Amino acid sequence: MATYETLKPLYEAAGQGHVFTFWDSLAQNERTQLISALQDIDPARVNAIFKKATAPNAGASASGAVEPVPPESVQSTLKAPAASIQAWRQAGMKAIAEGKLAVILLAGGQGTRLGSKEPKGCFDIGLPSGKSLFQLQAERIKKLQDLAAQQAGGKACVIPWYVMTSGPTYAATVAFFEKHHYWGLEAKNVMFFNQGVLPALTPDGKFLMETRYAPAVAPDGNGGIYAALEKQGVMADLERRGIPYVHCYCVDNCLVKVADPVFVGYCIEKGAECGSKVVPKVDPHEQVGLLCRRAGKFSVLEYSEVSREDAEARGEDGALRLHAANIANHFYTTDFLKRVSSLQGELEYHVAKKKVPHVDLNAGFSVAPETKNGIKLELFIFDVFPFARSMAVLEVPREDEFSPLKNGAGSPDGDSPDTSRRDIFAQCARWLAKAGATVAPDAAIELSPAVTYDGEGLDAAKGKTYSSEPTYVTAL
């Protein structure tokens, strides 16, 4: 535990000594809280990040000509021969059976926009089973472990699950997993860790104080995962387990194929140290990030960064020239993750101007600003793509792999519990129909992951009929 005597010189040397403005008037418990918060912040590092992010030429390295992902770096399960897809699946299953794959879940979001006070992963999207997003994903991991064990001749297979939370969601997430006994997974193979935070700053780089004894902080973006992996022991655990490959995804995608053996096998076959799944962009002006090449390096352009000309440009085949929509679904080698930890000084943080409640240092009272008074610094998870020496991109069908949950029920903008349910029902209906079942057009069928991971093992459904009545299938 740091002390006032050790921290104050560090903060004063960094020009941030004002964080101790109220020290003499603080109660002992308030002093303890202040020291606890400040010891986790490196003020000199924050100063350097702020200086780089707000420099006149900030973002210059992210400029340059925008080009589509080169053909040699991308494959598509919509077009690839069935034999190729099966070969990737087998390679991925082999890695899983040999204990060479781990999964990282980005689960720091709160369910505020959904009308929930719980972490987003706890949300029940209204399926017949009443399952949360966390449960759906846990059961997919369990099913894949079982499938891999069958391939390994009955030998138990483990896919470690690392769950990244944020300060406000950590305790509630852990409690939710414990309450539900990890949905059949072994607790020793599930590890929770917090993404990092950075202080909110004034336009001239001074730390804002939320209270007299706590700096105003905010999550450092999903790109903060790379520093958190090292700082909170995930990298050490991966090394202890001897795991060379990692699949990383976001909690809000109800269709996510957790630890997808096809994607993993494809990236392994390509010898990639970094990989990304994409879906075809449906409209020139769809508000999605686009995976592309910028100034000769892999990059993701936010939709606000894409010019109208680039958004609407089409190739000779009539397809959108930039069509690889980013879905925050990635593959890494652990060697690449180790290297990224040494690149922290080269990563470019993004500036977000926000209204930040704070304490007036002169008067000591709280201020709720009506205009944007502060700066928050964020990294995005794809900010490391330009540093990848080899990258593999896999295009997958949106209807089978991407249905994000962002808005509340009934939202006219979609991406709601309604669309999540719709997409799961539609996927299950396609699987059953392919297996030879008769399915009503408006069927509300939910297949448990214990029954199938990706539509396999449904032979027993042949000849069966499924009506429009909501149905939860746990066995065939």
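Structure: above.
Attention here is on the structure that accompanies the text. Note that the coordinates shown come from a computational prediction; the quantities given were computed from them, not determined experimentally. (Residues numbered from 1 in each chain as written. Predicted model: local features only at pLDDT ≥ 70, side-chain atom pairs only at ≥ 80, totals over all residues. Heavy atoms only, no water.)

A closer look at the overall build of the protein
Item 1. Assigned secondary structure in the protein consists of 13 helices and 23 strands.
Item 2. For 476 residues, the compact-globule formula gives about 23 Å, and the C-alpha radius of gyration of the protein, at 24 Å, lands near that figure.
Item 3. Counting all 476 residues of the protein, 52% fall into the buried class.
Item 4. Considering only intrachain contacts with a sequence separation of at least 6, the fraction spanning at least 24 residues in the protein is 75%.
Item 5. Total accessible area on the protein stands at roughly 21,500 Å², and carbon and sulfur atoms take up 50% of it.
Item 6. The average position of the 50 basic charges and that of the 55 acidic charges among the side chains of the protein differ by 2 Å. (Helix = DSSP H or I, 4+ residues; strand = E, 2+ residues; numbered from the N terminus. Rg over C-alpha atoms; globule rule 2.2 N^0.38 Å. Buried < 20%, exposed > 50% of the residue type's maximum accessible area, 1.4 Å probe, protein only. Contact = heavy atoms within 4.5 Å. Areas by Shrake-Rupley, 256 points an atom, 1.4 Å probe, with all protein chains shown as cover. Lys, Arg positive; Asp, Glu negative; His and termini not counted. Charge placed at Lys NZ, Arg CZ, Asp CG, Glu CD.)

Here we look at the nonpolar core
Soluble, globular proteins show a tendency: their nonpolar side chains are buried together.
Item 1. In terms of nonpolar packing, the biggest core is built from 62 residues, with Phe20, Phe193, Ile225, Leu291, Leu377 and Phe385 touching the most fellow members.
Item 2. Shared between two domains, this core holds at least three residues of each, these being domain 1 (1-40) and domain 2 (41-406).
Item 3. Ignoring any residue separated from it by four or fewer positions in sequence, one finds Ile225 in contact with Ile104, Leu106, Met164, Phe193, Cys248 and Ile381.
Item 4. Among the nonpolar cores identified, the runner-up in size contains 60 residues, and Cys157, Trp161, Tyr249 and Phe263 belong to it. (Core = buried A, V, L, I, M, F, W, Y, C linked by side-chain atoms within 4.5 Å. Domains from an automatic or database assignment.)

Quick notes on the pattern of salt bridges
Item 1. Under the defined criterion, the tally for this structure stands at 24 salt bridges.
Item 2. A salt bridge links Lys188 to Glu186; the nearest nitrogen and oxygen atoms lie 3.8 Å apart.
Item 3. With a relative accessible area of 44%, Glu186 lands in the partly exposed category.
Item 4. Asp237 is paired through a salt bridge with Arg241; the nearest N and O atoms lie 2.9 Å apart. Of this pair, Asp237 and Arg241 both sit in helix H8 (residues 234-241), separated by four residues, roughly a single helical turn.
Item 5. Linked by salt bridges that have partners in common, Arg89, Lys257, Asp260, Lys277, Glu401 and Asp454 make up one network. (Salt bridge = Lys/Arg side-chain N within 4 Å of Asp/Glu carboxyl O.)

A closer look at empty space enclosed by the protein
Item 1. Considering all chains together, one arrives at one cavity of 30 Å³ or more under this definition.
Item 2. In this structure, the largest cavity encloses a volume near 180 Å³.
Item 3. Taken together, 18 residues form the lining of the largest cavity, with Arg140, Gln427, Trp431, Leu447 and Tyr453 sitting closest to its centre.
Item 4. Elements with a contribution of two residues or more to the lining of the largest cavity: helix H5 (133-151), helix H13 (417-434) and strand E21 (445-447).
Item 5. Here the residues of the lining of the largest cavity are counted per class, giving ten nonpolar, three polar and five charged. (1 Å grid on protein atoms, 1.4 Å probe; cavity = no way out; pocket = protein on both sides within 12 Å on 5 of 7 lines; lining within 4 Å. Points joined across faces, edges and corners; volume = space filled by probe spheres on them. Nonpolar A, V, L, I, M, F, W, Y, C, P; charged D, E, K, R; others polar.)

Considerations on H8
Item 1. Inspection of H8 places Val234, Met235, Asp237 and Leu238 among the buried residues, and these make up the whole buried set. End-on, the buried residues of H8 take up no more than an arc of 160°, which puts them together on one face. For H8, exposure combined with an orientation more than 90 degrees from the buried face picks out Glu239 and Arg240.
Item 2. Tucked into the core, H8 has its buried residues touching strand E3 (101-106), strand E4 (161-165), strand E5 (190-194), helix H7 (225-231), strand E10 (245-250) and helix H11 (334-341).
Item 3. Directly after H8, the chain includes Gly242, whose backbone phi takes a positive value near 70°. (Arc of directions from axis to C-beta.)

Thoughts on the packing of H8 against H11
Item 1. Between H8 and H11, the shortest axis-to-axis distance is 11 Å and the interhelical angle comes to 150°. Taken as axis vectors, H8 and H11 run roughly antiparallel relative to one another. Classified by chirality, the crossing of H11 by H8 is left-handed. On H11, the residues touching Met235, Leu238 and Glu239 of H8 are Thr334, Leu337 and Lys338.
Item 2. Broken down by class, the residue content of the contact of H8 with H11 amounts to three nonpolar, one polar and two charged. (Axes fitted to C-alpha atoms, helices over the stretch in contact; angles between N-to-C directions. Parallel < 35°, antiparallel > 145°, perpendicular 65-115°, else oblique. Left-handed = near helix turned anticlockwise from the far one by under 90°.)

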